[in-house]
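Below are the chains, spelled out letter by letter.
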Amino acid sequence: SQKIEQNSEALNIQEGKTATLTCNYTNYSPAYLQWYRQDPGRGPVFLLLIRENEKEKRKERLKVTFDTTLKQSLFHITASQPADSATYLCALDRKDSSYKLIFGSGTRLLVRP
Amino acid sequence: DTEVTQTPKHLVMGMTNKKSLKCEQHMGHRAMYWYKQKAKKPPELMFVYSYEKLSINESVPSRFSPECPNSSLLNLHLHALQPEDSALYLCASSLRPSGTSTDTQYFGPGTRLTVL
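What counts as what
- Residues numbered from 1 in each chain as written.
- Chains lettered and ligands numbered in written order.
- Predicted model: local features only at pLDDT ≥ 70, side-chain atom pairs only at ≥ 80, totals over all residues.
- Heavy atoms only, no water.
- Phe/Tyr/Trp six-rings, centres within 6.5 Å; stacked < 30°, edge-to-face > 60°.
- Helix = DSSP H or I, 4+ residues; strand = E, 2+ residues; numbered from the N terminus.
- Buried < 20%, exposed > 50% of the residue type's maximum accessible area, 1.4 Å probe, protein only.
- 1 Å grid on protein atoms, 1.4 Å probe; cavity = no way out; pocket = protein on both sides within 12 Å on 5 of 7 lines; lining within 4 Å.
- Points joined across faces, edges and corners; volume = space filled by probe spheres on them.
- Nonpolar A, V, L, I, M, F, W, Y, C, P; charged D, E, K, R; others polar.

A. Region of interest: the packing of aromatic side chains. Inspection of the entire model under this criterion finds eleven aromatic pairs over all chains. An angle of 70 degrees between the planes, with centres 5.7 Å apart, marks the rings of Tyr36 of chain A and Phe46 of chain A as edge-to-face. Separated by ten residues along the polypeptide, Tyr36 of chain A in strand 4 (residues 32-38) and Phe46 of chain A in strand 5 (residues 45-51) bring together distant segments of the chain. Judged by relative accessible area, Tyr36 of chain A falls into the buried class, the value being 0%. Relative accessible area serves as the criterion here: at 28%, Phe46 of chain A is assigned to the partly exposed category. Ring centres of Phe64 of chain B and Tyr89 of chain B lie 5.8 Å apart, and the angle between their planes is 35 degrees; this geometry places the pair in the tilted category. Placement of the pair is Phe64 of chain B in strand 7 (residues 64-70) and Tyr89 of chain B in strand 9 (residues 87-94), with a sequence separation of 25 residues.

B. Fine view of the layout of surface pockets. The calculated volume of the largest pocket comes to roughly 570 Å³. If you go around the largest pocket, you meet 25 residues; those closest to its centre are Thr87 and Arg108 of chain A together with Ala39, Lys40 and Lys41 of chain B. Elements supplying a minimum of two residues to the lining of the largest pocket: strand 9 (86-92) and strand 11 (107-112) of chain A. Here the element with the most residues in the lining of the largest pocket is strand 11 of chain A; it accounts for four residues. Grouping the constituent residues of the lining of the largest pocket by class yields nine nonpolar, nine polar and seven charged. Here the second largest pocket is characterised by a volume of approximately 270 Å³. Forming the walls of the second largest pocket are 14 residues, and the residues nearest its centre are Gly43, Pro44 and Val45 of chain A together with Phe107 and Gly108 of chain B. Looking at the lining of the second largest pocket, the elements with two or more residues in it are strand 5 of chain A together with strand 10 (106-107) of chain B. Split into classes, the residues belonging to the lining of the second largest pocket amount to seven nonpolar, four polar and three charged.

C. Local environment of empty space enclosed by the protein. The tally for this structure, following the rule as stated, stands at one cavity of 30 Å³ or more. Looking at the largest cavity, the residues that line it are His29, Arg30, Met32, Tyr49, Glu52, Cys68, Asn70 and Ser71 of chain B.

Dropping the structure here:
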């Protein structure tokens, strides 16, 4: 069955460092992958989308990579700030099925001042 | 206006009550979604409306009844819920519902539902 895995343990880093979050998937053929940020008790907020034929996407301090061979996406936040502390969710569509967005369980990021 | 609004923010109901959750967007999006999210879990898709018609029902129990009165509004009618239905209910919208769409989803802030 299809599975999306994100580090369940929280990532705790010092302000100014680069945070790297991982999203792995199995038994999927996604056309694209998205990253969302979710704060406690709030809805997810879209951050970046990367298509299967793209290797890397950047937006300000954010960078996403997508390796369809490894079935993995990495999400980087450079020069991290305490305000970046949140849960980050990856989400994949399924190009071999009807349009649905399937979310990973998320990784909680804590940036210490 | 790039916002999805949801009301109420919090709802406490008994197992015999009937209540409704409301969602609204004015971005001209033609796909609207209901998700359920339990603590420390990812959002789980419940329903998808495409051009005001129900296109996906993820085998949701009939005690949850969705309704899309027009392209801007989405309701979720609740009846005879169980305590395990307590969760954050999220509404989302996207520009187009399509198997090849790469449209992102815009989420509302959610309704925190507690069933006693």
